[in-house]
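Architecture and fold: a report
Below are the chains, spelled out letter by letter.
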Amino acid sequence: MNTHTHRAARSVLLITTLLLSSCNFKYDTVLFTAVDKKPVTKTPAAKTPVPKVEIDTNIVVPNLLGGSVKSKKPYNIRAYYIDDTFTFVAADITTVTVTYADGTHDPKVSALKMPMHFPAQPYESYNSTSEGVVKTTEQIIKAELPRVITRDEPFTLLIKGQFTQKNGTTIPFTIMEKYDISRDKRTEKWADFVGGI
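Quick summary incoming for the structure in this document. Once a new chain begins, its residue numbering starts again from 1 and follows that chain's sequence as written. In keeping with the model being predicted, local features are shown solely for residues with a pLDDT of at least 70 and side-chain atom pairs are shown and tallied solely at 80 or more, while totals for entire chains, interfaces and linings include all residues. To obtain the side-chain values, all non-hydrogen atoms of the structure were included, while hydrogens and water were left out.

**Focus on the overall build of the chain**
Rules: The helix count covers DSSP runs of H or I at least four residues long, the strand count covers runs of E at least two residues long, and both are numbered beginning at the N terminus. Between buried and exposed lies partly exposed: a residue is buried under 20% and exposed over 50% of the maximum accessible area for its type, with that area taken using a 1.4 Å probe on protein chains only. In this analysis, two residues are considered to be in contact whenever any of their non-hydrogen atoms come within 4.5 Å of each other.
A tally of regular secondary structure across the chain gives three helices and eleven strands. Walking the chain from its N terminus toward its C terminus, one meets helices and strands in the order α-β-β-β-β-β-β-α-β-β-β-β-β-α. Counting over 197 residues, the chain shows a buried share of 30%. Of the contacts made within the chain by residues no fewer than 6 positions apart, 70% connect residues no fewer than 24 positions apart.

Take a look at the structure:
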């Protein structure tokens, strides 16, 4: 009985391996990369906090057995600032524009109601060191602007806002970044895809 169970298990394993090795993932995704990361500030950059910005292209993976891996429009803008000094209580965004190369503004961004308020939240990170895992406690201010970039084209992003400190004073910030677009159209084998997760 054990021999039959062993053979059946090996057969299932062999069939599964053959099936999965024939599964492929076909990519049709976009990536926006900042070309010019120069924050525009009224005081020296070293003294002025500026959020980091990412463009999320909503990459969808249908399942782990293969299929189409696609970016899904409209895309999201994410901005965040990690505060390890616990100085800030919030950030407000007062202006956001996405301007394409032809000079037009994205209507989804233009429709946002300003100002937008984002409070600071606790944030923990963990790093492995030779002495073990080290926990760092900070705070983060996260801003998510969902479904606001509607075109697969290069654009210039302008964000204006201000941080509010615990003592009530504010520090303005302005971000101006140009984004280029690249496309990923390729086929990847199942083993390579799973190995990269």
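**Structural notes on the environment of Lys113**
Considering the arrangement of structural elements, one finds Lys113 in the loop between α2 (107-110) and β7 (116-129). Sequence separation of Lys113 and Thr95 is 18 residues, and the distance between their C-alpha atoms is 9.4 Å.

**Looking at the pairing of strand β1 (residues 24-34)**
Consecutive side chains of a regular strand alternate in pointing toward one face of the sheet and then the other. Applicable threshold: Strand pairing follows a simple DSSP-based rule, namely that at least 2 bridges must link the two strands.
Of the strand pairs in this sheet, β1 and strand β4 (residues 67-71) are connected by four bridges, and their pairing is parallel. Note that in β4 the partner of Asp28 across the bridge is Lys70. By the bridge criterion, six bridges tie β1 to strand β10 (residues 170-184) in an arrangement that is antiparallel. When the bridges of β10 are listed, Thr29 appears paired with Asp184.

**Concerning the environment of Thr129**
Mapping Thr129 onto the fold places it in strand β7. Residue Thr129 is classed as partly exposed on the basis of its relative accessible area, which comes to 37%.

**Some details on the pairing of strand β9 (residues 155-165)**
Counting buried positions over the eleven residues of β9 gives eight, a clear majority of the element. Where strand β6 (residues 88-100) lies against β9, eleven bridges are found, and the strand directions are antiparallel. Bridged to Ala91 within β9 is Phe163. With ten bridges joining them, β9 and β10 adopt antiparallel strand pairing. Directly across from Phe155, in β10, lies its bridge partner Tyr179. Counted between consecutive antiparallel strands, the loop separating β9 from β10 contains four residues, among which Gly168 sits at a positive phi close to 95 degrees.

**Structural notes on the side chain of Asp106**
Operational definition: Counting rule applied: Lys, Arg positive; Asp, Glu negative; His and chain ends not counted. Each reported salt bridge corresponds to a side-chain nitrogen of Lys or Arg within 4 Å of a carboxyl oxygen of Asp or Glu. Think of a polar contact as two N or O atoms within 3.5 Å of one another; within protein, one of them needs to be a possible hydrogen donor and the other a possible acceptor, and neighboring residues in sequence only count if both atoms come from side chains.
Turning to its location among the elements, Asp106 is positioned in the loop between β6 and α2. Comment: no salt bridge for buried Asp106; closest opposite-charge side chain is Arg151, at 6.2 Å. Side-chain polar atoms of Asp106 contact the side chain of Thr150, separated by 2.8 Å. In this structure, Asp106 is in contact with Val98, Tyr100, Val148, Ile149, Thr150 and Arg151, ignoring residues within four places of it in sequence.

**Regarding the packing of aromatic side chains**
Remark: the centre distance and the inter-plane angle together describe each pair of aromatic rings, the angle taken between the planes. Heads up, the rule is: Paired rings are identified among Phe, Tyr and Trp, the last through its six-membered ring, by centres lying within 6.5 Å, and are further divided according to the angle between planes into stacked (under 30 degrees), edge-to-face (over 60) and tilted (the rest). Geometrically, a charge over a ring is one whose NZ (Lys) or CZ (Arg) sits within 6 Å of the ring centre while staying within 35 degrees of the ring normal.
A full pass over the atoms with the stated rule returns eight aromatic pairs. With 5.0 Å between their ring centres and 55 degrees between their planes, Tyr81 and Phe163 make a pair best called tilted. Here Tyr81 is found in strand β5 (residues 75-83), whereas its partner Phe163 is found in strand β9, with 82 residues between them in sequence. Considering the side-chain rings of Phe155 and Tyr179, the 5.1 Å spacing of their centres and the 25 degrees angle between planes classify their relative orientation as stacked. Here Phe155, found in strand β9, pairs with Tyr179, found in strand β10; they are 24 residues apart in sequence, far enough to count as distant. Relative accessible area serves as the criterion here: at 2%, Tyr179 is assigned to the buried category. Taken together, the ring pairs in this structure connect Phe32, Tyr75, Tyr100, Phe155 and Tyr179 into an aromatic cluster. Positioned above the aromatic ring of Tyr27, the side-chain terminus of Arg186 is 4.0 Å from the ring centre.

Interpretation in functional terms is not warranted from these geometric data alone.
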